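Given next are the chains, with one letter for each unit.
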Amino acid sequence: MKRFLILFFILLYGAMLVDPAIEISFDSPRYITTADSIASGNGYRTISEIDNNPVFYNNYIFPYIIAPLIKIFGLNPYPLKILMLVFSLLSILLFFSLTLELFNKKEALLLSVSLMSMPIFIRFSNKILTEAPFMFFLLLSLWLLNRYFQKDKKIYLGLLLATMYSLIFTRTIGIIILVPLFIYSYAKKDRNLFITTAILTTITIITIYIIQSRTAPENNLYHIKYLLYKDDFTPQQGYIDIECLIARVIDNIKFYFLNIPREIFNLPSSGILLYATLFWTLLCSGIYSIKPNFYKKSFFVFFATYLFFFIVWPWQSTRFIYPILFIILIYLYWGLKSLIIRIPSTIKRIIYLTIILSILYSGLKELLLEITVNKIYPAEVNEVVQLSSWIKENTSQESVILSKNTALIYMLSSRKGTYIPYSYDMKKITTHIEKKGVTHILADRLNSEMIKYIYPWINKNKERLRIIKIDGGTVLFELD
């Protein structure tokens, strides 16, 4: 009955979140257009760019996952969003099954409903991004490990190898799961698990080598360069030094200390420092007091390494927290249990009821936002959408558009383009424009890089440009 209730709420929840809006983030159009390239037989390439170069990022499995749907339905967001919701909602079922190893059925049910009701879960559960499948593969990996420990059958290790490979190459940060696996298999003298982990490590290294060997030399190990730049959008500043790294880490710690609890529970800004302190106190208490088992060690090693990575990463976003929400929830609940262990049962029930109702309220509020207000594009986005539609109807198929997000413009206009060169050198920008055969510049007001690099070039080369369309603050230029 409880499983049926979870399934019912999952289907209702999913139906409300499916909408026809296109994805306008930077990453989503890249995944979609790469999948479109695969589906059209062009291979794993940036079909949206005039060069049609091989894609250089290592989280390569995701476009293959969505490519069959694009092959069947074209660039229709409905099937893609349904697939993301399937990943998200299967994750809830896996989470329910796993929490039965730690808690009773009533607790497992309430924790599963709480996870599904978290605003950040609702916000990203239907997005065409890697977060939803990453959480699914992570939970499925833990579920398969649990089955292996219970049944001691090698078939689960084979499935685990395939699942963890998918995890690692859905988001490369998943590679850190190899650390707790090696530690555990060595400590427990589990030869089969150790061999499986060693095989997976070898295959992972070979895969990364193959991907990198296919890319242009300037894109080799791009993610490491991205990590080491002082400012990832201003490479001219060079690579980071110790002083800048310390400043970045401190800034990131401040950001995540406040914003992880704020985003997870949709907390008010007033008093956020107090809420955040309570949140991290409960979480640390949960890490310390959770009963000893495989999950205690594995959760902690994975969780700590995952957080450390994003503390040194140059880009801040609470979106990164989505895949580990279930670990955070388990720690918080265990911390709460240990904190109120000596409180009378009647008061405990009131505390639990208050918390679950607060989570449900914040989740319902976020769900209503997702199906109403959040479906409306901001004005600056609408301008890009409208001008891209105009480009599709009024320019030749051979047009080459310089823009910040070539994948998004390709999705909207079916016109190939080229990226903004991150350089203050006017000659380099001119050389880039001429080499790529740029015919139009879509100067939007969405991106600071457009203002930083292209607007100055436009002001210096006015005689070469003609305004052919304006929508609000977004301008389409044609080059002579």
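Just above, that's the structure.
How each quantity is defined
Along each chain, the written sequence defines residue order, and numbers are assigned to residues from 1. Local features in this predicted model are restricted to residues of pLDDT 70 or higher, and side-chain atom pairs are both shown and tallied only at a pLDDT of 80 or more, whereas totals for entire chains, interfaces and linings draw on every residue. Side-chain numbers come from the whole structure's heavy atoms, not from hydrogens or water. The rule for pairing is simple: two strands pair if DSSP sees at least two bridges between them. Starting at the N terminus, helices and strands are each numbered in turn, a helix being any DSSP run of H or I of at least four residues and a strand any DSSP run of E of at least two. We define a salt bridge as a contact between a side-chain nitrogen of Lys or Arg and a carboxyl oxygen of Asp or Glu at a distance within 4 Å. In this scheme, a residue with accessible area under 20% of its type's maximum is buried, one over 50% is exposed, and one in between is partly exposed, where area comes from a 1.4 Å probe on protein chains only. Note on terminology: a nonpolar core comprises buried Ala, Val, Leu, Ile, Met, Phe, Trp, Tyr and Cys residues joined through side-chain atoms within 4.5 Å. Here, two residues are considered to be in contact whenever any of their heavy atoms come within 4.5 Å of each other. Only centres within 6.5 Å qualify two rings of Phe, Tyr or Trp (six-membered ring in Trp) as a pair; their planes then separate them into stacked at under 30 degrees, edge-to-face at over 60, and tilted for everything else.

Before going further, it helps to examine the pairing of strand β4 (residues 465–471). Note that β4 and strand β5 (residues 474–479) share six bridges and pair antiparallel. Bridge assignment links Ile-467 to a residue of β5, and that residue is Phe-477. Between β4 and the antiparallel strand that follows it, β5, lie two residues; Gly-472 among them carries a positive phi value of about 65 degrees.

With that settled, the discussion passes to the pattern of salt bridges. Tallied over the entire structure, the rule returns 13 salt bridges. Between Glu-366 and Arg-123 there is a salt bridge, with its nearest N and O atoms 3.2 Å apart. Taken as a pair, Glu-366 in helix α16 (residues 345–371) and Arg-123 in helix α6 (residues 119–124) lie far apart in primary sequence, 243 residues in all. For Glu-366, a relative accessible area of 4% gives the class buried. With its nearest N and O atoms 3.7 Å apart, the salt bridge here joins Asp-480 to Arg-464. With a gap of 16 residues between them, Asp-480 in the segment after β5 and Arg-464 in the loop between α20 (448–460) and β4 connect regions that are remote in the sequence.

A negative phi angle is the norm for most residues apart from glycine, just as the trans form is the norm for most peptide bonds. For Asn-266, which is not a glycine, the phi torsion comes out positive at approximately 55 degrees. Looking at the secondary structure, you find Asn-266 in the loop between α12 (242–265) and α13 (272–289). Unlike most non-glycine residues, Ser-414 shows phi in positive territory, near 60 degrees. With respect to the element layout, Ser-414 can be found in the loop between α18 (406–413) and β2 (417–418). On the accessibility criterion, Ser-414 (29% relative accessible area) is partly exposed.

In spatial order, the strands read β2-β1-β3-β5-β4; together these five strands make up an open sheet with mixed pairing. Edge positions in the sheet fall to β2 and β4, since each of these pairs with one other strand and no more. As paired elements, strand β1 (residues 401–402) and β2 share two bridges and run parallel to each other. The partner of Leu-402 across the bridge, within β2, is Thr-418.

Burial of nonpolar side chains together is a common tendency in soluble globular proteins. Core analysis: the largest hydrophobic core is formed by 98 residues, its most contacted members being Leu-325, Phe-326 and Ile-328. With twelve residues, helix α7 (residues 131–151) is the single largest residue contributor to this core. Leave out the neighbours within four places in its chain, and Leu-325 touches Leu-115, Met-118, Ile-120, Phe-121, Met-135 and Ile-264.

Tallied over the entire structure, the rule returns 32 aromatic pairs. On the numbers, 5.1 Å between centres and 85 degrees between planes, the contact of Tyr-31 with Phe-62 is edge-to-face. A residue pair is termed long-range when its members are at least 10 positions apart, and Tyr-31 in helix α2 (residues 27–39) and Phe-62 in helix α3 (residues 61–73) qualify at 31 residues. A relative accessible area of 2% places Tyr-31 in the buried class.

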